[in-house]
Amino acid sequence: MKSQENQSALWLKRLLFLAGGMLLLAVVPIFFPVSLMAQIHGLVGLGEFPEDPIVLYLARSTSLLYAVHGSVMLTVALNLNRYQGMVPLLGWLHIVIGIAMLGIDLTAPMPWYWTAFEGGPIALGGVLILWLNTRAFPGQNSTSANQ
């Protein structure tokens, strides 16, 4: 039984580390020149890039928030026993964010490939985080962060 818990904890740590590292990469686009943002925007099939101040602000601040979220996930992954109480919160947040992103993508409307590879996988990642957490730390009160 202990071996199964250790394996689950290892996979949970890997998942949090991978997701956190990927999210932390969002720090790079914060510094993209507008011309590069416009080129990428066109390459992924989103048409002409609007260079209004609010668009630039939202693009950069969204990248910053992704990077901050990634640093939190990395911190939890690197100190899993210390921050285990935060893991259910991260799992549930990913489920909620995934569902919300799916709704946003559908109403935007974003291209099919964007919608297919964003909201659903984020929500499924949240489910996987919760499942691995219950296997890694059985008997823990998964709703309490003060353990």
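Note that this is a predicted model, so its numbers are computed, not measured.

Participant: Any chance you could explain the overall build of the protein chain here in plain terms?
Facilitator: When its secondary structure is counted, the protein chain shows 7 helices and 0 strands. The secondary structure elements of the protein chain, listed N-terminal to C-terminal, are α-α-α-α-α-α-α. Projecting the C-alpha coordinates of the protein chain onto the three principal axes gives extents of approximately 55 × 30 × 25 Å. Burial status across the protein chain gives 31% buried among its 147 residues. Of all intrachain contacts in the protein chain linking residues separated by at least 6 positions in sequence, the fraction that spans at least 24 positions is 72%.

Participant: Can you help me understand unusual backbone geometry in this one?
Facilitator: Glycine aside, negative phi is the norm for most residues, and most peptide bonds take the trans geometry. A cis amide bond links A108 with the next residue in sequence, P109, at an omega value of -20°. Secondary-structure assignment places P109 in the loop between α5 (87-107) and α6 (112-116).

Participant: It is not clear to me how α5 should be interpreted in this structure. Could you clarify?
Facilitator: For an α-helix, 3.6 residues make a turn, and residues three or four places apart therefore share a direction. With 21 residues, α5 extends 30 Å between its outermost C-alpha atoms, agreeing within 8% with the 30 Å of an ideal straight helix rising 1.5 Å per residue. Along α5, the residues classified as buried are V87, P88, L90, G91, H94, I95, G98, M101 and D105. Buried residues belonging to α5 abut α1 (2-24), α3 (53-78), α4 (80-83), α6 and α7 (119-136).

Participant: Can you walk me through the packing of aromatic side chains in this structure?
Facilitator: Geometry of an aromatic ring pair is reported as the spacing of the ring centres plus the angle between the planes. A full pass over the atoms with the stated rule returns 1 aromatic pair. Residue placement shows R14 over the ring face of W11; its charged tip is 4.7 Å from the ring centre.

Participant: Would you mind showing me how to read a nonpolar patch on the surface here?
Facilitator: Residues V27, V28 and F31 make up a contiguous nonpolar surface patch of roughly 300 Å² in combined accessible area. As for its position among the elements, V27 is in the loop between α1 and α2 (34-43).

Participant: So what exactly am I meant to see when it comes to the nonpolar core here?
Facilitator: Nonpolar side chains tend toward joint burial in soluble globular proteins. Grouped together as the largest cluster of nonpolar side chains are 14 residues, with contacts concentrated most on L12, L16, M73, V76, L80, V87 and I129. Put simply, the parts of the chain that give this core at least two residues each are α1, α3, α5 and α7. Looking at which element gives the most residues to this core, the answer is α1, with 4 residues. Residues contacting V87, with those up to four places away along its chain left out, are L12, L16, V76, L80, I129 and N133.

Participant: Looking at this model, I keep getting lost on the environment of F31. Mind explaining?
Facilitator: Positionally, F31 belongs in the loop between α1 and α2. As for F31 and S63, which are separated by 32 residues in sequence, their C-alpha atoms are 9.7 Å apart.

Participant: Got a minute to help me understand α7 in this structure?
Facilitator: Taking 1.5 Å per residue, 18 residues should reach 26 Å; α7 reaches 26 Å between its end C-alpha atoms and fits that length. Among all positions of α7, only G119, A123, G126, I129, L130, L132, N133 and A136 are buried. Next to the buried residues of α7 lie α1, α3, α5 and α6.

Participant: In this structure, what is going on with the confidence of the model for the protein chain? I would like to understand it.
Facilitator: Any segment with low pLDDT has predicted coordinates that should not be analysed in fine detail. Counting all residues, the mean pLDDT for the protein chain is 93, and 95% of those residues have values of 70 or more. α5 holds the highest mean pLDDT among the elements of the protein chain, 98, whereas α1 holds the lowest, 93.

Conventions and cut-offs
Residues numbered from 1 in each chain as written. Predicted model: local features only at pLDDT ≥ 70, side-chain atom pairs only at ≥ 80, totals over all residues. Heavy atoms only, no water. Helix = DSSP H or I, 4+ residues; strand = E, 2+ residues; numbered from the N terminus. Buried < 20%, exposed > 50% of the residue type's maximum accessible area, 1.4 Å probe, protein only. Contact = heavy atoms within 4.5 Å. Expected span 1.5 Å × (residues − 1). Phe/Tyr/Trp six-rings, centres within 6.5 Å; stacked < 30°, edge-to-face > 60°. Lys NZ or Arg CZ within 6 Å of the ring centre and 35° of its normal. Patch = residues over 30% accessible without salt bridge, like charges linked within 9 Å, V, L, I, M, F, W, Y side chains within 5 Å. Areas by Shrake-Rupley, 256 points an atom, 1.4 Å probe, with all protein chains shown as cover. Salt bridge = Lys/Arg side-chain N within 4 Å of Asp/Glu carboxyl O. Core = buried A, V, L, I, M, F, W, Y, C linked by side-chain atoms within 4.5 Å. pLDDT = per-residue confidence, 0-100.

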